[in-house]
Amino acid sequence: MRQRVKVEHYDGPAGGWGSVKAVASILTQEEVAILGSEILLKQNKPDGFMCVSCSWAKPAKPHPFEFCENGAMATAWEVTGKTVTPDFFAAHTLAELRSWSDHELEEQGRLTTPMRYDASTDKYVPVDWSTAFREIGAELSRLGPRSVVMYTSGRASLEASYMYQLFGRMYGTNNFPDSSNMCHETTSVALPEVIGVPVGTVLLSDFEQADCIFFFGHNTTTNAPRMLHPLQEAAQRGVPIITFNPLRERGLERFTNPQNPIQMVMGGTRISTQYHQVRLGGDAAAIAGICKAIIDADDAARASGSPRVVDMNFIEQHTSGFEEFAAFCRQNHWNELERVSGLSRASMTDAANVYMASKAVIANYGMGITQHRHGVETVKMIVNLLLLRGNIGKPGAGISPIRGHSNVQGQRTVGISEKTKLVPLDRLAELYDFDPPRWEGLTTVDACKGILKGDVCGFVSLGGNFLRAVPERSLMEPAWTGLRLSVQIATKLNRSHIVPGEVTYLLPCLGRIEIDTQASGPQAISMEDSTTSIHGSRGQREPVAKSLLSEVKIVAELAKATLKANPKLDWDTWVADYSLVRDAIERTYPDQFKEFNRRMFEPGGFPRPLGARERKWKTPNGKANFTVPTSALNPPAEADDIYELMTMRADGQFNTTIYNEDDRFRGIQGGRYVVLINPEDMAEMELKSGDFVTLSTAVNDGVDRSLGELQVVPYDIPRKSIAGYYPECNELIPLSHFAEGSKVPAAKSIPVRISKDNPLEYVEADEIPISVT
Ligand SMILES: Nc1nc2c(c(=O)[nH]1)N[C@H]1C(S)=C(S)[C@@H](COP(=O)(O)OP(=O)(O)OC[C@H]3O[C@@H](n4cnc5c(=O)[nH]c(N)nc54)[C@H](O)[C@@H]3O)O[C@H]1N2
Ligand SMILES: Nc1nc2c(c(=O)[nH]1)N[C@H]1C(S)=C(S)[C@@H](COP(=O)(O)OP(=O)(O)OC[C@H]3O[C@@H](n4cnc5c(=O)[nH]c(N)nc54)[C@H](O)[C@@H]3O)O[C@H]1N2
Ligand SMILES: [Mo]
């Protein structure tokens with residue numbers, strides 16, 4: 001029996017009084033009212049700590065409160081006074097804990113003590129650190145390195161990540177999937193082929209110079225709220241902001257800066273000047289339409305002898321493939337582009353007209369692009385659009401993939417990758433005198449396949465909640481118990497910890513906001529934001545428990561317990577002084593991390609050099625490449641009864657961490673088992689608001705995937721597109737359903753059928769006052 005969810009239309013802007021109230025309430029909930037608010041003043045400041053929530057850039061001149069509602073929630077969640085002690089584990093079997101919700105598990109507080117699973121009682125029992133390291137080392141030594149996966153979630157520092165990948169490579173594995181494999185890997189695969197870098201090209205300063213900004217598939221409102229500040233400034237300068245999203249996301253419509261009293265009274269700034277509610281997966285077609293309008297205008301200009309619309313100087317000097325792409329644009333038919341994008345020709349032409357009138361354009365995008373079967377080609381379509389008018393490698397312009405986790409991009413930079421070509425293996429071999437493995441490692445999807453087949457026997461997790469974040473839950477959870485070894489390095493209890501393997505350890509670590517004291521004194525760590533800028537971060541708070549170790553220390557001890565001694569590398573001196581790890585990173589990547597230790601606290605961070613930013617294209621042909629999509633532009637399903645489901649984040653969550661059950665800006669409160677459907681589709685299916693339905697995945701591969709008791713919420717969403725929440729809906733995603741080329745699970749386009757449940761009993765949600773009207 002599920003609690004009935006409360007649905008009310010939210011009319012307020014993003015930010016505003018609602019944000020202030022939400023911050024106050026999370027500080028109270030996590031029992032950090034006084035301390036927490038002091039801590040918040042240090043958030044994202046050059047002398048403070050870098051937020052543990054999103055990866056958005058940190059300005060050189062921060063606001064007095066350089067944090068957002070969601071960043072404050074993430075901070076409170078980490079510095080909470082609540083703790084999970086051995087008594088807690090003595091009181092609950094894992095079977096019992098598996099019946100708890102994601103929220104209930106993490107809400108218990110911070111993990112404090114290393115624990116080992118005891119199968120005879122089905123409980124975790126305390127273990128001392130040295131025994132844990134010794135036993136894990138022995139297990140790893142027995143397992144073949146190819147059968148071990150070393151996962152990373154994008155929060156660990158550059159220092160811990162560099163050491164982790166070095167440990168793994170010395171052990172003999174390249175199996176380094178990380179959360180990026182479920183996230184922006186699509187970007188990391190698409191961009192190198194077309195512009196020669198795996199990351200975005202914009203800097204924060206470009207937002208001040210742009211005269212047009214595009215947004216594809218990102219919910220900035222909750223997932224990178226601080227980005228609303230530069231957007232608001234741009235909007236106030238009159239910069240057109242053109243958004244493509246099936247949902248009308250609040251922050252991309254209106255934003256009130258909660259730090260500005262006048263705005264708080266006046267009601268905020270309009271953000272998007274055009275808002276196009278594209279069909280799920282319809283972006284490639286929408287961009288093809290915009291490009292068609294541009295090429296048509298350019299053809300007309302050429303015919304009449306007027307100045308060209310496309311930037312021919314740039315195209316001739318810097319690119320390849322323009323003529324083929326232009327031919328592709330001419331040959332597409334408007335009625336087909338309209339059908340596939342779900343937009344009118346007029347909408348696509350409106351966007352094209354603004355684009356053509358602009359001199360410096362930024363294109364931002366998020367999971368609404370990367371988590372689709374054709375995600376790689378859609379990213380390349382965004383690049384095509386930018387290249388037409390030379391909008392890469394000049395001030396105010398560029399491509400801006402908005403990364404997820406606060407250091408996910410940086411981890412890839414320092415060698416966490418299953419793709420050997422992205423890692424300087426020769427350099428590592430030379431520096432540390434060993435033979436790194438040369439075979440390609442496992443992606444997240446391949447790691448899951450290996451676990452299902454029994455080829456993967458050991459799983460080490462540096463943070464994250466792998467089992468809850470991946471597709472195919474109904475097969476993955478039973479298979480997980482077949483692991484010989486599961487080692488979970490974590491701050492908070494989650495589902496991946498309570499589905500045990502044969503030998504299972506739960507190792508609690510310091511969070512980024514905590515003071516990390518080693519032999520040489522308190523240590524700083526570093527990370528890279530979405531705009532390739534590197535920032536130092538210093539812990540501010542005494543650790544919640546004395547027994548916690550830092551991630552750097554845990555990785556070093558695991559390495560020492562597993563590997564033979566290496567005269568070129570002394571793990572203990574690195575642990576004693578993290579600046580030595582940064583020196584090692586600099587030696588490995590001398591161009592990227594020049595004078596790392598000296599520069600790491602520069603206000604605004606120091607940007608890594610990036611070829612594409614200087615129009616140096618490190619592609620095989622030395623050019624920026626226009627590409628023609630090889631697949632059809634992702635047309636909708638033929639069958640009438642198949643809907644496309646996207647699984648998305650709510651306001652009250654950070655990935656699998658569920659702070660609360662509300663999605664404030666979408667007006668949904670008190671529950672997450674909902675499905676958002678267009679009212680006309682509802683009428684056709686004879687569904688009423690509040691009915692309960694079951695979704696079943698429409699893939700015929702012999703596996704039955706369905707999820708019932710989802711409450712129907714009528715919503716302004718294109719027809720045949722529906723929406724539910726991640727991670728609740730993850731069991732509907734087949735493992736084989738991923739982006740071609742990048743293997744990112746296609747979590748935004750799951751083909752499903754909808755059937756009505758029998759009338760259910762339900763309870764009303766508690767009366768929760770709606771925060772802003
Ligand atoms: N507070 C908070 N911050 C976070 C996170 C969090 O969970 N909470 N997660 C972090 C992480 S790891 C990541 S990767 C990012 C995720 O941030 P987002 O990239 O915003 O991810 P989602 O919330 O999944 O939302 C995807 C957005 O894409 C839209 N969308 C879905 N399908 C399509 C489509 O086909 N076309 C278009 N144009 N739009 C589409 C959805 O309506 C939604 O607005 O945020 C990071 N920041
Ligand atoms: N259906 C669907 N599935 C998705 C997505 C989607 O949009 N839809 N999004 C995908 C995306 S973009 C991502 S990035 C992945 C996220 O996948 P993960 O990164 O694996 O998951 P998180 O929920 O971010 O991990 C939360 C856990 O990290 C641990 N943790 C937090 N801070 C620290 C720390 O400082 N150190 C350590 N060691 N541990 C810490 C805590 O124990 C917490 O429970 O999920 C993916 N899965
Ligand atoms: Mo992500």
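Residues numbered from 1 in each chain as written. Chains lettered and ligands numbered in written order. Predicted model: local features only at pLDDT ≥ 70, side-chain atom pairs only at ≥ 80, totals over all residues. Heavy atoms only, no water.

### What to know about the overall build of the protein
So, point 1. Of the regular secondary structure elements, the protein holds 32 helices and 33 strands.
So, point 2. For the protein, the C-alpha radius of gyration of 25 Å lies close to 28 Å, the compact-globule estimate for 773 residues.
So, point 3. Along the first, second and third principal axes, the C-alpha atoms of the protein reach 80 × 65 × 55 Å.
So, point 4. Looking at the protein residue by residue over its 773 residues, the buried ones come to 66%.
So, point 5. Of the roughly 26,700 Å² of accessible surface on the protein, a fraction of 52% belongs to carbon and sulfur atoms.
So, point 6. Positive and negative side-chain charges of the protein, numbering 80 and 94 respectively, have mean locations separated by a distance of 4 Å. (Helix = DSSP H or I, 4+ residues; strand = E, 2+ residues; numbered from the N terminus. Rg over C-alpha atoms; globule rule 2.2 N^0.38 Å. Buried < 20%, exposed > 50% of the residue type's maximum accessible area, 1.4 Å probe, protein only. Areas by Shrake-Rupley, 256 points an atom, 1.4 Å probe, with all protein chains shown as cover. Lys, Arg positive; Asp, Glu negative; His and termini not counted. Charge placed at Lys NZ, Arg CZ, Asp CG, Glu CD.)

### Examining the packing of helix α18 (residues 334-341) against helix α19 (residues 345-356)
So, point 1. Two numbers describe how α18 lies on α19: the axes approach to 9 Å, and their chain directions differ by 95 degrees. One way to sum up the angle between α18 and α19 is to call them roughly perpendicular. Facing α18, whose interface residues are Trp334, Leu337, Glu338 and Ser341, α19 presents Arg345, Met348 and Thr349.
So, point 2. A class-by-class count of the residues in the contact of α18 with α19 yields 3 nonpolar, 2 polar and 2 charged. (Axes fitted to C-alpha atoms, helices over the stretch in contact; angles between N-to-C directions. Parallel < 35°, antiparallel > 145°, perpendicular 65-115°, else oblique. Contact = heavy atoms within 4.5 Å. Nonpolar A, V, L, I, M, F, W, Y, C, P; charged D, E, K, R; others polar.)

### Quick look at the state of the cysteines
So, point 1. For the structure shown, the criterion picks out 0 disulfides.
So, point 2. Just so you know, Cys729 is unpaired, no disulfide at all, and the nearest cysteine sulfur is the one on Cys448, 18 Å from it.
So, point 3. Residue class for Cys729 comes out buried when judged on its relative accessible area of 2%. (Disulfide = S-S within 2.5 Å.)

### Concerning helix α12 (residues 228-236)
So, point 1. Among the 9 residues that make up α12, 7 are buried, leaving the element largely enclosed by the rest of the structure.
So, point 2. Leu228, His229, Pro230, Leu231, Gln232, Ala234 and Ala235 are the residues of α12 that are buried.
So, point 3. Just beyond α12, the residue with positive phi is Gly238, at close to 90 degrees.

### What about the side chain of Asp102?
So, point 1. Tracing the chain through its elements places Asp102 in helix α6 (residues 102-107).
So, point 2. Classification of Asp102 by relative accessible area gives buried; the value is 11%.
So, point 3. Among residues more than four places away in sequence, those in contact with Asp102 are Arg468, Arg495, Thr656, Ile658 and Pro727.

### Quick word on the site of ligand 1
So, point 1. Residues in close proximity to ligand 1 total 30 residues, the closest being Asn245, Glu249, Gly281, Asp283 and Asn655.
So, point 2. With respect to ligand 1, the backbone of Gly217 contributes an N or O atom lying 3.2 Å from a nitrogen atom.
So, point 3. His372 is positioned with one of its side-chain polar atoms (N or O) 2.7 Å from an oxygen atom of ligand 1.
So, point 4. Looking at the shell around ligand 1, the elements with two or more residues in it are α11 (220-223), α20 (367-370), β25 (643-648) and β26 (653-654).
So, point 5. The residue makeup of the shell around ligand 1, split by class, is 11 nonpolar, 15 polar and 4 charged. (Near = heavy atom within 4 Å. Polar contact = N/O pair within 3.5 Å; in protein donor to acceptor, adjacent residues only side chain to side chain.)

### Details of the confidence of the model for the protein
So, point 1. Mean pLDDT over the protein stands at 93; residues scoring 70 or higher make up 95%.
So, point 2. Overall, residues 766-773 carries pLDDT values under 50, and its contacts beyond four positions in sequence, including any with other chains, amount to 15 contacts. (pLDDT = per-residue confidence, 0-100.)

### A few points about the sheet that holds strand β18 (residues 503-508)
Two orientations exist for strands paired in a sheet by backbone hydrogen bonds: parallel and antiparallel.
So, point 1. As summarised here, the arrangement of the 6 strands in space is β6-β5-β18-β17-β16-β7, forming an open sheet in which the pairing is mixed. Looking along the sheet, the strands with just one partner apiece sit at the ends: β6 (123-126) and β7 (148-152). Direction aside, the axes of adjacent strands within the sheet are offset by 20 degrees on average.
So, point 2. Summarising the sheet, strand β5 (residues 115-118) and β6 pair through 4 bridges and their orientation is antiparallel. By the bridge assignment for β6, Met115 is matched with Pro126.
So, point 3. Strands β7 and β16 (458-462) of the sheet are contacted by helix α8 (residues 158-171), whose axis makes an angle of about 170 degrees with β7. (Pairing = 2+ DSSP bridges.)

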